[in-house]
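Below are the chains, spelled out letter by letter.
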Amino acid sequence: MTEQERITVNDPRGPVNNGEGPQYIFYGAGADWMRRKGIESLRIVREDRVRLADRFAPPGGYRTAADRLEKPGSVVLLDAPPGSGRRAAAIMLLHELGEDGGTAGDEARFEELPATDTDEHAPGEGDRFLLDLSGITDEETYAKARHCLAVRRSRVQQAGAHMVVVLPSGMAHAHAPDLEPDTVKLRRPRGIAVVTRHLRVARMEFRPSDLRSAGLQHLCDRSPMWELARLASLVRAARDSGRFGADFAGWLDQAMHAVTDRADEVGRQVTAFRATPDRTLLLAAAVFEEFRADTVYEAWHGLMKTVRHEEEATTELARTDFGERLAALGIERDAAGRLRFEQLAYADAVRTYFWENFPGVRDDLRDWIDEAAGLRGMTVDERVDVVIRFGEQCLAVGRPDHLFDLVVRWADGATGTACDPRAVAALELGLSHERLGGWFRRRMYDCVRSGPLSDGLVRVLTAACRQNLGATHPDQALVRLHYLAVRRGQAAHEAAEALLELGSSDHRLHRLLVGRLRDRMRRERDAEAHLQLLTELLRSDRVPDPPPWPDLFRGWEAVFAQPPTDRWTPLVKSWLTSVTHDSARDMALGVMVGATHGRAAALHRLYALACDWAGGGRDPSRAAVASRFWQHIDQASFARTEHTDPGPRTTEEER
């Protein structure tokens, strides 16, 4: 991938064939701000894969790969040139295997795996995995990735799962020979077919003859798939703006100029305007395009102050007025007083030019955005707009630290109990980046394991896990939420609730969280927080359906091994009530008692709780449930008495 290539997503459903460059792919589950801004998530979940399928143009060799992937335990490696839509092809190969669903009550996973980490949960039958290695450019990293691939390949084959691997370009000499039989070469799809599908989904009215120009054919033959997707979205943007005529040919012409000519045009303009006030106004207008003129004016002056430009000694009335400066730079003010560039997608090109060609001011731009994204009079949507535009450029030039710096600043400065939407938007943008998402996941991990955190940052990290990471990397979200949940304070309680929600969402995650909490209770001296979480997780209203009895037994076993406390009350009573309303859960009575391993104190406590529960309601069925529970308790007590040695030796439990 080159640093210069990127996607600007304008279509509400986003691009499909993802090729080279930092791909701004948003994963947020329920992140409404993304949908308001027309930035579509590409979480690897079914509804988004369905939208992806509407726009997907299969590359050459796709059917061969699909046939090989059908068999359970199959692994297919895709060898394709950059820009050919190889990542989209990998996602669609897995999607077309069939409906989501698993065995034994577990939901089949559809997840992307990290390139060089094999610590994730073991795969199950029917699970589907994407392993995208296309961003690897050095042999050392690829060597580590090959080792991880070998481990995962074995696990997938043994479990009857499926995995598609996107191989890196320019690394053919380093491919393992034993992978050759599973490798399929893909050829780029017909570019015109990609453009056509995108335009049709956008409900553009056109004739096949409208797409036969030599210029468009040249683009379709040479451009990466992401650029063709962007081209189609710009055609739609030209139509929707109402500023570029009323016919398809005019919209297409504007879009083609935006794709091919804008970088050179911006370069010539920046060369022509060398004064700091002109250049800072050009950049401020690009970052704040479609904002009110007063907001742009304030942001402009803030930028000049940040880059330490000395104001002219004369009064403002004696200087060139604001409107004249705007007109000289080709910036319009519409009837509503909002500013925009005369040419389609020009603001995107201006932002890219400044971040790429003025690396020495990037720290200043970060500090400027810190203030400018909070200017008075801006709506939440507008603040998020600024964050996204800034964040795109940070990620395009490989400075994720600048974006995370602002996450921390904004989160730490939040007041009350609400998350700062700027911080949440910035973090989700980073997590969703195809190439740098792993950097943000690691940074979050380091953060949650560090020293004190502000409540604001805990809330932002929790929101990112709940809305984003929980959909794309649920195991990692679970780990990060666990670290946050065992901290102190109200924000930690909110993290605990998010952790329990995620752990209750399916059988696999429930099993994973039960095991993690049990492990922490054994390993850490201060086990109280983990015990509290485990007790809450095991309540009847937290358990996936049907109840995972082996996991419940292990969890109850850990809880009942502790001295009886009032914490048991809601846990036990929730299950007694659940059995009253659902006879299919009657097994809970015996499993709960069995988890005590006959400990007298635990059995006495269960008996007392059942008595209190049975007498606390008018439902006659309570007495019947309590009676069956008492029978299990009596049998366990009798068995314990029968197996107790009356001699001087002590039992293992007593020791």
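Residues numbered from 1 in each chain as written. Predicted model: local features only at pLDDT ≥ 70, side-chain atom pairs only at ≥ 80, totals over all residues. Heavy atoms only, no water.

> For the overall build of the protein chain, give the residues involved together with the corresponding values.
A count of helices and strands for the protein chain gives 29 helices and seven strands. Out of the 655 residues belonging to the protein chain, those deemed buried represent 55%. Counting contacts in the protein chain only where the partners sit at least 6 residues apart, residues at least 24 apart contribute 73% of the total. Of the roughly 28,400 Å² that the protein chain leaves accessible, carbon and sulfur atoms contribute 49%. (Helix = DSSP H or I, 4+ residues; strand = E, 2+ residues; numbered from the N terminus. Buried < 20%, exposed > 50% of the residue type's maximum accessible area, 1.4 Å probe, protein only. Contact = heavy atoms within 4.5 Å. Areas by Shrake-Rupley, 256 points an atom, 1.4 Å probe, with all protein chains shown as cover.)

> Give a description of the packing of aromatic side chains that names residues and reports values.
A complete count under the given rule lists 19 aromatic pairs for this structure. Each ring, one from Trp355 and one from Phe390, has its centre 5.9 Å from the other, and the planes form 65 degrees; the classification is edge-to-face. You can see Trp355 sitting in helix α14 (residues 346-357) and its partner Phe390 sitting in helix α16 (residues 380-396), a full 35 residues away along the chain. Given a relative accessible area of 2%, Trp355 falls into the buried group. Looking at Phe390, the relative accessible area reads 1%, which means it is buried. (Phe/Tyr/Trp six-rings, centres within 6.5 Å; stacked < 30°, edge-to-face > 60°.)

> Account for the nonpolar core, with residues named and values stated.
Counting 126 residues, the largest nonpolar core has Phe288, Trp368, Leu427, Trp556, Phe560 and Phe629 as its most contacted members. Apart from the residues lying within four places of it in its own chain, the contact partners of Trp368 are Ala284, Val287, Phe288, Ala299, Gly302, Leu303 and Thr306. Counting 29 residues, the second-largest nonpolar core is a separate cluster that includes Val194, Met204, Leu211 and Cys220. (Core = buried A, V, L, I, M, F, W, Y, C linked by side-chain atoms within 4.5 Å.)

> Describe the environment of Leu606, listing the residues and the values that go with them.
Looking at the element boundaries, Leu606 is found in helix α28 (residues 600-614). Each C-alpha atom, one on Leu606 and one on Val593, is 8.0 Å from the other, the two residues being 13 residues apart in sequence. Beyond its immediate sequence surroundings of up to four residues, Leu606 is in contact with Phe560, Trp568, Val572, Met592, Val593, Thr596, Phe629 and Ile633.

> Would you mind going over the pairing of strand β3 (residues 128-132) in detail, with residue names and values included?
Looking down a regular strand, the side chains alternate between one sheet face and the other. With five of its five residues buried, β3 lies for the most part within the structure. Burial along β3 is two-sided: the residues Arg128, Leu130 and Asp132 and Phe129 and Leu131 are all buried. For strand β2 (residues 110-112) and β3, the ladder comprises three bridges, and the chain directions are parallel. Residue pairing across strands places Glu112 opposite Leu130, the latter belonging to β3. Examined bridge by bridge, β3 and strand β4 (residues 162-166) share five bridges and lie parallel to one another. Looking across to β4, one finds that Phe129 is bridged to Met163. Between β3 and its parallel partner β4, the chain crosses via helix α5 (residues 139-159), and the hand of that crossover is right-handed. (Pairing = 2+ DSSP bridges. Right-handed = clockwise from strand over helix to strand, strands pointing away.)

> Got a sec to walk through the sheet that holds strand β1 (residues 75-79)? Specific residues and values, please.
The strand order across the open sheet built from five strands is β2-β3-β4-β1-β5, with neighbouring strands paired in parallel fashion. The sheet terminates laterally at β2 and β5 (183-185), the two strands that pair on one side only. Across the sheet, the mean angle separating the axes of adjacent strands is 20 degrees when strand polarity is ignored. (Axes fitted to C-alpha atoms, helices over the stretch in contact; angles between N-to-C directions.)

> Which residues make up the pattern of salt bridges, and what values do they have?
All told, the structure shown has 45 salt bridges when counted by the stated rule. Between Glu434 and Arg87 there is a salt bridge whose closest N-O contact spans 3.7 Å. Taken together, the positions of Glu434 in the loop between α18 (421-431) and α19 (437-448) and Arg87 in helix α4 (residues 86-95) put the pair 347 residues apart, joining distant regions of the chain. Pair check on accessibility: Glu434 and Arg87 agree, each one buried. Beyond isolated ion pairs, a larger network of salt bridges with shared partners links Arg366, Asp367, Asp370, Asp405 and Arg409. (Salt bridge = Lys/Arg side-chain N within 4 Å of Asp/Glu carboxyl O.)

> Before we move on, could you go through the side chain of Arg325 and cite the residues and values that matter?
By the element assignment, Arg325 lies in helix α13 (residues 322-328). Here Arg325 falls in the buried class, since its relative accessible area comes to 12%.

> Mind laying out helix α21 (residues 474-485), listing which residues take part and the relevant values?
For α21, which comprises twelve residues, the first-to-last C-alpha distance of 16 Å matches the rise-based estimate of 16 Å (1.5 Å per residue) to within 8%. Burial runs high along α21: eleven of the twelve residues are buried. Against the buried residues of α21 lie β2, α19, α20 (455-472), α22 (490-503), α23 (507-523) and α24 (528-537). (Expected span 1.5 Å × (residues − 1).)

> How would you sum up the pairing of β1? Please name residues and give values.
Counted residue by residue, β1 has five buried out of five residues, so it is predominantly covered. Burial along β1 is two-sided: the residues Val75, Leu77 and Asp79 and Val76 and Leu78 are all buried. Bridge count for β1 against β4 is four bridges, and the pairing is parallel. Paired with Val75 across the two strands is Met163, which belongs to β4. Bridge count between β1 and β5: three bridges; the pairing is parallel. Across the sheet, residue Leu78 finds its bridge partner in β5, namely Val184.

> If you had to explain the environment of Glu111 to someone new, which residues and values would you point to?
As for its position among the elements, Glu111 is in strand β2. Each C-alpha atom of the pair Glu111 and Pro474 lies 8.9 Å from the other, and the pair is 363 residues apart in sequence.

> Now, about the environment of Gln157: what can you tell me, with residues and values included?
When you line up the elements, Gln157 lands in helix α5. The exposure class of Gln157 is partly exposed, given its relative accessible area of 41%. Considered as a pair, Gln157 and Glu125 are 32 residues apart in the sequence and their alpha carbons are 9.5 Å apart.

> Account for unusual backbone geometry, naming residues and giving values.
Cis geometry is found at the peptide bond from Asp545 to Pro546, where omega equals 0 degrees. One can find Pro546 in the loop between α24 and α25 (549-560). Look at Arg203: it is not a glycine, yet its phi comes out positive at around 60 degrees. Here Arg203 lies in the loop between α6 (191-201) and α7 (214-222). Judged by its relative accessible area of 63%, Arg203 falls in the exposed class.

> Talk me through the packing of α6 against helix α8 (residues 225-241); I want residue IDs and the actual numbers.
Between α6 and α8, the least distance of the axes is 9 Å, while the angle of their chain directions is 35 degrees. In the packing of α6 onto α8, the handedness of the crossing is right-handed. In this structure, α6 uses Gly191, Val194, Val195, His198 and Leu199 to contact α8, whose residues at the interface are Met225, Leu228, Ala229, Leu231, Ala232 and Val235. Counted by class, the contact of α6 with α8 contains nine nonpolar, two polar and no charged residues. (Left-handed = near helix turned anticlockwise from the far one by under 90°. Nonpolar A, V, L, I, M, F, W, Y, C, P; charged D, E, K, R; others polar.)

> Explain α5 to me, using residue names and the numbers behind them.
Between its first and last C-alpha, α5 extends 30 Å over 21 residues, near the 30 Å set by a 1.5 Å rise per residue. Buried within α5 we find Tyr142, Ala145, Cys148, Leu149, Arg152, Arg153 and Val156. Buried residues in α5, looked at end-on, bunch into an arc of 155 degrees, giving them a common side. Of the exposed residues in α5, those oriented more than 90 degrees away from the buried face are Glu140, His147 and Gln158. (Arc of directions from axis to C-beta.)

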